[in-house]
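Summary of structural features
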Amino acid sequence: MGTVDSAYPRSPRGAIKIARLLVAFTTFICFVASRSHEAYTALAIMEVVITLLFFLLYLLKLDKKMKWLFWPLADIFNSVIAAVFLLVVCLFAIIIKTNYGTLVGGVFGLVLLVLCIADAVVLFWKISLSGPRGRNYPTR
């Protein structure tokens, strides 16, 4: 079995993933409790599942074993796409606000949107600043 990266949950990237999990789950609970539209609930549960899978990927160091995909870049794409979907769906939930549960779920969804953007920015900085640097000039 793989090794566990015990420092990952305490790192900034791990903390953002845990916050995303908690806020996405809270959003899901709000949408389910208020019997909101199925699209709201589906987006929230998909965000919980996908974020949990990325968290486990990094926690169990599976990204080091499965080198056929550049996982941080896939994580950035996930965060950006999730942010776009969350923006649209949560603004609809807030504008339509069929009940208070939908309104609260939409507000938590917007908080989740901010966390998705923060996650993408932190990952982008990790990719762009920690990679090996090559020469900018041709060799002779």
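Residues numbered from 1 in each chain as written. Predicted model: local features only at pLDDT ≥ 70, side-chain atom pairs only at ≥ 80, totals over all residues. Heavy atoms only, no water.

In the nomenclature of an unreviewed UniProt entry, the chain corresponds to Chemokine-like factor from the organism Apteryx mantelli.

1. Details of the UniProt feature "domain: MARVEL" (unreviewed entry) in the chain
UniProt annotation of "domain: MARVEL" (unreviewed entry) refers to residues 8–128 when read in the numbering used here. The annotated region residues 8–128 carries 85% helix and 0% strand content, and the separation between its end C-alpha atoms amounts to 19 Å. (UniProt positions renumbered as here; feature names shortened; annotations may be inferred. Helix = DSSP H or I, 4+ residues; strand = E, 2+ residues; numbered from the N terminus.)

2. Topic: the confidence of the model for the chain
Mean pLDDT over the chain: 85, with 90% of residues reaching 70 or higher. Per-element confidence in the chain ranges from a low mean pLDDT of 77 for helix α3 (residues 62–65) to a high of 91 for helix α1 (residues 12–33). (pLDDT = per-residue confidence, 0-100.)

3. Remarks on the pattern of salt bridges
Taken as a whole and judged by the stated rule, the model has four salt bridges. Between Asp 119 and Arg 20 there is a salt bridge, with the nearest N and O atoms lying 2.6 Å from each other. Here Asp 119, found in helix α5 (residues 100–130), pairs with Arg 20, found in helix α1; they are 99 residues apart in sequence, far enough to count as distant. Across the pair, Arg 20 and Asp 119 agree in class, each one buried. Here the salt bridges share partners, and the residues they tie into one network are Lys 17, Arg 20, Glu 47, Asp 75 and Asp 119. (Salt bridge = Lys/Arg side-chain N within 4 Å of Asp/Glu carboxyl O. Buried < 20%, exposed > 50% of the residue type's maximum accessible area, 1.4 Å probe, protein only.)

4. Focus on the side chain of Asp 119
A relative accessible area of 1% means that Asp 119 is categorised as buried. A polar contact of 2.6 Å, which involves the side chain of Asp 119, links it to the side chain of Arg 20. With residues near it in sequence (within four places) discarded, Asp 119 still touches Ile 16, Lys 17, Arg 20, Asp 75 and Ser 79. (Polar contact = N/O pair within 3.5 Å; in protein donor to acceptor, adjacent residues only side chain to side chain. Contact = heavy atoms within 4.5 Å.)

5. A few points about the layout of surface pockets
Its boundaries defined by the atoms lining it, the largest pocket holds a volume of some 300 Å³. Around the largest pocket, the lining is made up of 15 residues, and of these Tyr 58, Asp 63, Lys 64, Pro 72 and Lys 126 lie nearest the centre. Elements with a contribution of two residues or more to the lining of the largest pocket: α3, α4 (71–96) and α5. For the lining of the largest pocket, the element with the most residues is α5, which contributes three residues. (1 Å grid on protein atoms, 1.4 Å probe; cavity = no way out; pocket = protein on both sides within 12 Å on 5 of 7 lines; lining within 4 Å. Points joined across faces, edges and corners; volume = space filled by probe spheres on them.)

6. Focus: a nonpolar patch on the surface
On the surface, a cluster of nonpolar side chains totalling about 710 Å² of accessible area is made up of Val 80, Val 84, Leu 87, Val 88, Leu 91, Phe 92, Ile 95 and Ile 96. Looking at the element boundaries, Val 84 is found in helix α4. Note on Val 84: relative accessible area 48%, which makes it partly exposed. (Patch = residues over 30% accessible without salt bridge, like charges linked within 9 Å, V, L, I, M, F, W, Y side chains within 5 Å. Areas by Shrake-Rupley, 256 points an atom, 1.4 Å probe, with all protein chains shown as cover.)

7. A look at the packing of helix α2 (residues 38–59) against α4
Look at α2 against α4: their axes get within 10 Å of each other, and the N-to-C directions meet at 160°. The orientation of α2 with respect to α4, classified from their angle, is roughly antiparallel. Judged by the twist between their axes, the crossing of α2 over α4 is left-handed. Where α2 approaches α4, its residues Tyr 40, Leu 43, Glu 47, Ile 50, Phe 54, Leu 57 and Tyr 58 are matched on the opposing element by Trp 71, Pro 72, Ala 74, Asp 75, Asn 78, Ala 82, Phe 85, Leu 86, Val 89, Phe 92, Ala 93 and Ile 96. Considering only residue class, the contact of α2 with α4 consists of 16 nonpolar, one polar and two charged. (Axes fitted to C-alpha atoms, helices over the stretch in contact; angles between N-to-C directions. Parallel < 35°, antiparallel > 145°, perpendicular 65-115°, else oblique. Left-handed = near helix turned anticlockwise from the far one by under 90°. Nonpolar A, V, L, I, M, F, W, Y, C, P; charged D, E, K, R; others polar.)

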